[in-house]
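What follows is the residue order along each chain.
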Amino acid sequence: MTGAVLSTHGLVARYGDFQALYGIDFQIGQGEAVALIGANGAGKSTFLRAVMGLLPVASDMVRMGGQPIGGTPADRMVQRGVAIVPEGRRLFTGMSVQDNLRVAVDQADRLGRRGGWSLSRLHRLFPILNEKARTPVQSLSGGQQQMVSIGRALLCQPTVLLCDEISLGLAPKVIREIYAALPEIRAQGTSVVLVEQDVGLAQSASDRLYCLLEGRVTLTGPSGSVTRDQISQAYFGGS
Ligand code: ATP
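Residues numbered from 1 in each chain as written. Predicted model: local features only at pLDDT ≥ 70, side-chain atom pairs only at ≥ 80, totals over all residues. Heavy atoms only, no water.

Asker: Which residues make up the pattern of salt bridges, and what values go with them?
Answerer: Applying the stated criterion across every chain yields a total of 4 salt bridges. One salt bridge connects Arg208 with Glu32, and the closest N-O pair in it is separated by 2.7 Å. Taken as a pair, Arg208 in strand E9 (residues 208-213) and Glu32 in the loop between strand E2 (18-29) and strand E3 (33-37) lie far apart in primary sequence, 176 residues in all. For the pair formed by Arg208 and Glu32, the shared burial category is buried. A salt bridge links Arg102 to Asp99, with the shortest nitrogen-to-oxygen separation between them at 3.8 Å. In this pair, Arg102 and Asp99 both sit in helix H3 (residues 97-111), 3 residues apart, roughly one turn of the helix. (Salt bridge = Lys/Arg side-chain N within 4 Å of Asp/Glu carboxyl O. Helix = DSSP H or I, 4+ residues; strand = E, 2+ residues; numbered from the N terminus. Buried < 20%, exposed > 50% of the residue type's maximum accessible area, 1.4 Å probe, protein only.)

Asker: So what's going on with the site of the ligand? Residues and values would help.
Answerer: Not every one of the 15 residues close to the ligand is listed here, only the nearest: Gly41, Gly43, Lys44, Ser45 and Thr46. Here an oxygen atom of the ligand sits 2.9 Å away from a polar atom, N or O, in the main chain of Gly43. One nitrogen or oxygen atom from the main chain of Ser45 is found 2.8 Å from an oxygen atom belonging to the ligand. Contact with the protein chains removes 62% of the 630 Å² of surface that the ligand exposes when unbound. Among the secondary structure elements, those contributing two or more residues to the shell around the ligand are E2 and helix H1 (44-51). The greatest single-element share of the shell around the ligand, amounting to 4 residues, is contributed by H1. (Near = heavy atom within 4 Å. Polar contact = N/O pair within 3.5 Å; in protein donor to acceptor, adjacent residues only side chain to side chain. Areas by Shrake-Rupley, 256 points an atom, 1.4 Å probe, with all protein chains shown as cover.)

Asker: So what about the packing of aromatic side chains? Which residues, and what values?
Answerer: Counted under the stated rule, the structure contains 3 aromatic pairs. Through successive ring pairs, a cluster of aromatic residues spans Phe26, Phe47 and Tyr210. Above the plane of the ring of Trp117 lies Arg121, whose end atom (NZ or CZ) is 5.6 Å from the centre. If you follow Arg216 out to its NZ or CZ, it ends over the ring of Tyr22, 4.1 Å from the centre. (Phe/Tyr/Trp six-rings, centres within 6.5 Å; stacked < 30°, edge-to-face > 60°. Lys NZ or Arg CZ within 6 Å of the ring centre and 35° of its normal.)

Structure (structure tokens):
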């Protein structure tokens, strides 16, 4: 990988007195997909929140294109090109699909973000979002809601897309449909960080992976060449 678009350097995060991350070194290149795996409570979501400016971190612990940006408030992170597909989706459920997406278009306009994602391009990626444009989000299936959530993040024209367990609770067919969109997203030059519980899925969808255990990186390497034994050791610890 030449030149990280986003990197973390000894990233530490706390919830009050509880330390959740202990010095994470991470990097992702342009258009790369990097998976973050680990058991429940390993610190994966905390890592995304810390990068996104949703937890207080020191500025030089997170860098974009080499510039320190740690602790930048989340809306300014969007302005700098980082968008998150949060766990639980956090959509405006009473609003229609198109109104949810327009919020993101307006936000990108307001923040001066320009890029290749338009509503029509998004509709080509997930045609159901066009068919259901006027449907309230609360009437959609879980998979369709996830597509809205991904669409909303893409319309912020991110350089780096952070995805927090986008497969959670979805049927295998729907998961395949959503993951099939990743190559197109990466073809736009967008880098994708995938937090995933499903290790096989994480491995097959990414170029490299990091495994976290109790707030520390226990394994990193090319997704295609780390072995099941290495992952199992890194996932559960022990000697
Ligand atoms: P999961 O797959 O369960 O979401 P995770 O790897 O994403 O797991 P995190 O949610 O990042 O793990 O949690 C890391 C640690 O931080 C856990 O010990 C968790 O209990 C703790 N934690 C997470 N959120 C909070 C919070 N708001 N307040 C206090 N502790 C928290």
